[in-house]
Amino acid sequence: MRKGSKIINLFETLKEKQPTFQNPIVTIGGDSNLPNLGISVIDKATLIREVSIVFNVAATVKFNKTIKLATAINVQSVRDLINLSKEMSKLKNFIHVSTAYINFLQNPIEEKFYDPPIDDDKLINLMNSMNEIARRYYTTVRNTFRKPIRRWVNNTHGLTRITANVLMGLMRTHHDDSSVKLDFVLRDMIANGIIASAWNTANNPRSKEEFPIYNYVSNDKLITLGEFIEMILKYGELIPSEKTIWCHNFKMTKYRLVYLFYVYFLHLLPALIINMIAVCAGIRKYILKDPIETLPQGRIN
């Protein structure tokens, strides 16, 4: 993250207060896409001997993986980690982090365990026998609030990408419903909640039949996607990005034909014109790199 011309280290404040904070941290090799998490026999023995609290936050981040790969990471790895945790003699609790929207068919989504529509073994076997299928999703985890740095973000996925592209003038249209409500949660607040849930679970023992589940969501005063875009445009005018290459002109519609009209006349046509000017001027940096890739491929869900 940059502040002016200075690059700020994410853990700079922590290093000042605790210079040796990293000494107790031990890293091991592994891959949640592989059977048994890809952990070596030696590392597995160390985990079984030393670990008392397990936080499972491994998952696909971009949510554009194939279903087969996503199942391996989000389902099979969880099962393997649970089996590994059962061998840990010092284990106090196991904290699994997931999105609340896995139970989106439930209204409201209560803090309880819902039976999955398919057994994990059946799902894994099914995915192993299928061809690759890809699907995309939006994430709603946003930047940090205060810690370790205010407004820190380390990815350009989902709404973060939309924000950046709109502010740079690159994104002119979007196919979506502006009345959809957005549920934002800030990542440092999530981290605090995860740690607090581990403390609460360890200090308030429950029976094996009880699974404490905590929903961490924003309040009831949700903004819509349209209001979010309006704020982007408003503050983009007040504090323009130094990377802006075109004036802001953004149109959003839930109608596909209207969306295609916007794509061709607000994206493709201007890009083709600029490319022609670039060719005439002898400039080799083009706005439109590949017309085929630029054509709309359908709505991203």
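How each quantity is defined
Residues numbered from 1 in each chain as written. Predicted model: local features only at pLDDT ≥ 70, side-chain atom pairs only at ≥ 80, totals over all residues. Heavy atoms only, no water. Core = buried A, V, L, I, M, F, W, Y, C linked by side-chain atoms within 4.5 Å. Buried < 20%, exposed > 50% of the residue type's maximum accessible area, 1.4 Å probe, protein only. Helix = DSSP H or I, 4+ residues; strand = E, 2+ residues; numbered from the N terminus. Contact = heavy atoms within 4.5 Å. UniProt positions renumbered as here; feature names shortened; annotations may be inferred. Axes fitted to C-alpha atoms, helices over the stretch in contact; angles between N-to-C directions. Parallel < 35°, antiparallel > 145°, perpendicular 65-115°, else oblique. Left-handed = near helix turned anticlockwise from the far one by under 90°. Nonpolar A, V, L, I, M, F, W, Y, C, P; charged D, E, K, R; others polar.

Trainee: Please set out the nonpolar core residue by residue, giving values where relevant.
Mentor: One finds Leu 159, Ile 162, Val 166, Met 171, Leu 182, Leu 225, Phe 228, Ile 229, Ile 232 and Phe 250 forming the largest nonpolar core, which totals 10 residues. Looking at this core, the elements that each hand over two or more residues are helix 5 (158-168) and helix 7 (225-238). A total of four residues in this core trace back to one element, the largest contributor, which is helix 7. Here Ile 229 is in contact with Ile 162, Phe 250 and Met 252, once residues within four sequence places are set aside. Residues Leu 37, Ile 48, Leu 84 and Met 88 belong to the second largest nonpolar core, which totals eight residues.

Trainee: Lay out the UniProt feature "transmembrane region" (unreviewed entry) in the protein with the relevant residues and their values.
Mentor: Per the UniProt annotation, the sites labelled "transmembrane region" (unreviewed entry) are residues 259-283. Secondary structure across residues 259-283 comprises 88% helix and 0% strand; the distance between its end C-alpha atoms is 31 Å.

Trainee: An account of the packing of helix 3 (residues 67-85) against helix 4 (residues 120-128) is needed here, citing residue identities and associated values.
Mentor: Here helix 3 crosses helix 4 at 150 degrees, and the two axes come no closer than 10 Å. Relative to helix 4, the element helix 3 lies roughly antiparallel. The handedness of the crossing between helix 3 and helix 4 is left-handed. Two secondary-structure elements touch here, helix 3 through Ile 67, Lys 68, Thr 71, Val 75, Gln 76 and Arg 79 and helix 4 through Asp 120, Asp 121, Leu 123, Ile 124, Met 127 and Asn 128. Within the contact of helix 3 with helix 4, the residues separate by chemical class into five nonpolar, three polar and four charged.

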